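An overview of the molecular structure
Each chain, written out:
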Amino acid sequence: MSIDDALVMILAGGEGKRLLPLTKERAKPAVPFGGRYRIIDFVLNNFINSGFYKIKVLTQYKSDSLNKHITRGWALSPFLNQYVDLAPAQMRTGQDWYRGTADAIYQNVFHITDEDPDYVCIFGGDHIYKMDVSQMLDFHKEKDADLSISAIPIPIDEAHEFGIIEVDDDWRLINFVEKPKDRPKSIPGNPNMCLASMGNYIFNKAALLDALDRDEQIQESSHDFGKNVIPMLLNDGKRIFIYNFANNTFPGMSDTERGYWRDVGSIDAYWQANMDLLNYNPELNLYSKEWPLRTYNHNYPPAKFVWEEGDRVGMATNSMVSEGCIVSGGGLSRCVLSPKVRINSYSQVTDSIIMENVDIGRYSQIRKAIIDKNVIIPPNTKIGFNRDEDLRRGFHVSEGGVTVVPKGAKL
């Protein structure tokens with residue numbers, strides 16, 4: 001079913017500083033995930049699978065790889081007025097780049113007035129989850145809301161790490177607290193849980209345009225939805241309702257997938273979310289026919305595993321190996337490989353994420369690492385065994401002990 005009364009605007013211009021060095025040369029939504037996807041693919045698939053076919057992707061920070069990925073992999077049918085369009089920052093309203101999430105929409109408001117939708121969906125492009133967005137839009141219409149915000153239930157003891165939403169018994173917004181120090185209001189009927197904002201919004205067009213115009217006139221504003229626009233609308237008495245993400249369902253959903261949502265904004269969170277995919281019954285299922293996950297398809301040959309001579313065995317266990325890879329006499333355990341990776345003889349790679357076009361030399365040992373694309377690992381190299389040694393070589397080592405070798409590094 002095509003939803004023709006809504007325009008989607010995806011905020012994909014974030015720097016993702018906590019993901020450095022993975023975001024040194026690319027925007028956070030363009031960071032590879034799960035071998036053959038990009039982070040932005042998940043929100044795009046959510047909308048396409050939910051029947052939304054009018055999508056604008058707002059880019060800004062180091063967007064070249066993101067632009068190529070969208071252009072090559074997300075071509076819909078213009079004949080049916082379906083599109084995933086790039087909307088690069090153009091400084092249309094002055095000499096500033098985007099000053100905040102609300103300003104990003106304000107600078108692209110002409111897309112809204114040109115398309116003239118009834119509703120505008122404003123979602124982030126940097127989280128990993130599955131969601132039937134049409135259910136949130138139905139909720140928005142049923143509540144006759146000016147704004148609906150999706151939120152995820154979390155244990156109340158973790159509230160200090162999130163922006164917390166407080167609601168009344170009708171799930172209408174009554175307060176928003178950023179990383180509260182005191183115990184916040186719990187979910188109605190559940191004293192042990194509270195609501196964390198997912199940063200996903202559905203606006204009535206008229207309410208959004210009015211709010212953006214008013215926010216633009218406030219000189220001291222940060223021009224951010226969470227910090228400025230939503231408190232302004234709340235003070236105005238606008239009808240703001242909270243959509244409980246835990247109630248969302250989608251075709252083929254498993255029990256473990258209900259409420260799955262990950263902010264992969266740090267190296268450790270990103271590494272763990274990739275490792276979680278390798279579980280026998282993962283919380284995020286990439287293999288569902290009912291909820292397909294699309295991306296740009298490389299025209300590469302199938303993965304190949306060669307040699308079985310004594311201890312020279314090309315083998316992968318509990319791993320995901322993308323197309324174009326050659327495991328030539330080396331071993332993998334709990335690894336995620338992007339396309340065109342080569343693992344040479346007698347090398348052992350464990351608990352690692354290996355990105356596109358990486359060559360790992362003979363007798364090398366890699367443990368709990370992320371190797372970004374286009375890196376050649378010389379023979380007999382050890383990575384992830386000695387934190388001080390990894391740091392001396394210029395690698396990043398996270399608090400959780402994940403070693404990151406940056407894109408194109410020379411070893």
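Scroll up for the structure.
The rules behind these values
Residues numbered from 1 in each chain as written. Predicted model: local features only at pLDDT ≥ 70, side-chain atom pairs only at ≥ 80, totals over all residues. Heavy atoms only, no water. Phe/Tyr/Trp six-rings, centres within 6.5 Å; stacked < 30°, edge-to-face > 60°. Helix = DSSP H or I, 4+ residues; strand = E, 2+ residues; numbered from the N terminus. Buried < 20%, exposed > 50% of the residue type's maximum accessible area, 1.4 Å probe, protein only. Pairing = 2+ DSSP bridges. Contact = heavy atoms within 4.5 Å.

**Focus on the packing of aromatic side chains**
Considering all chains together, one arrives at 12 aromatic pairs under this definition. Here the aromatic rings of Phe 33 and Tyr 270 are separated by 6.1 Å at their centres, their planes lie at 70°, and the arrangement is edge-to-face. Note that Phe 33 is positioned in strand β2 (residues 32–33) and Tyr 270 in helix α8 (residues 267–276), a separation of 237 residues in sequence. Residue Phe 33 shares its accessibility class with Tyr 270, and that shared class is buried. Between Tyr 129 and Phe 245 the ring centres are 6.1 Å apart and the planes differ by 80°, which places this aromatic pair in the edge-to-face class. Taken together, the residues span a long stretch of sequence, with Tyr 129 in strand β7 (residues 127–129) and Phe 245 in the loop between β12 (240–244) and β13 (261–263) at a distance of 116 residues. With a relative accessible area of 1%, Tyr 129 lands in the buried category.

**What about the pairing of strand β4 (residues 54–59)?**
Regular strands have side chains that alternate between both faces of the sheet. The element β4 is largely enclosed, with a buried count of 6 among its 6 residues. Burial along β4 is two-sided: the face carrying Lys 54, Lys 56 and Leu 58 and the face carrying Ile 55, Val 57 and Thr 59 are both buried. Two strands pair when backbone bridges link them, and strand β1 (residues 6–11) and β4 are joined in this way by 4 bridges, in the parallel orientation. Among the inter-strand pairings, Val 8 is bridged to a residue of β4, identified as Ile 55. One ladder, built from 6 bridges, connects β4 with strand β5 (residues 83–88); its direction is parallel. Across the sheet, the residue bridging to Leu 58 is Ala 87, located in β5.

**Focus on α8**
For α8, a buried count of 7 out of 10 residues is recorded, marking the element as mostly surrounded by other parts of the structure. Inspection of α8 places Ile 267, Tyr 270, Trp 271, Ala 273, Asn 274, Met 275 and Asp 276 among the buried residues, and these make up the whole buried set. Summarising the contacts, the buried residues of α8 are in contact with β2, β20 (331–337), β22 (348–354), β25 (369–371), β28 (396–397) and β29 (403–405).

**Structural notes on the side chain of Asn 45**
Note that Asn 45 resides in helix α1 (residues 40–50). What Asn 45 contacts, discounting residues up to four positions off in sequence, is Trp 74, Trp 291, Pro 292, Leu 293 and Arg 294.

**Points about the sheet that holds strand β23 (residues 359–360)**
Strand order in the open sheet formed by 5 strands is β14-β19-β21-β23-β26, and the pairing between neighbours is parallel. In this open sheet, the two strands that pair with only one neighbour each are β14 (304–306) and β26 (376–377). Across 2 bridges, β23 lies against β26 in parallel orientation. Considered in β26, the bridge of Ile 360 is made with Ile 377.

Purely geometric numbers; function is a separate question.
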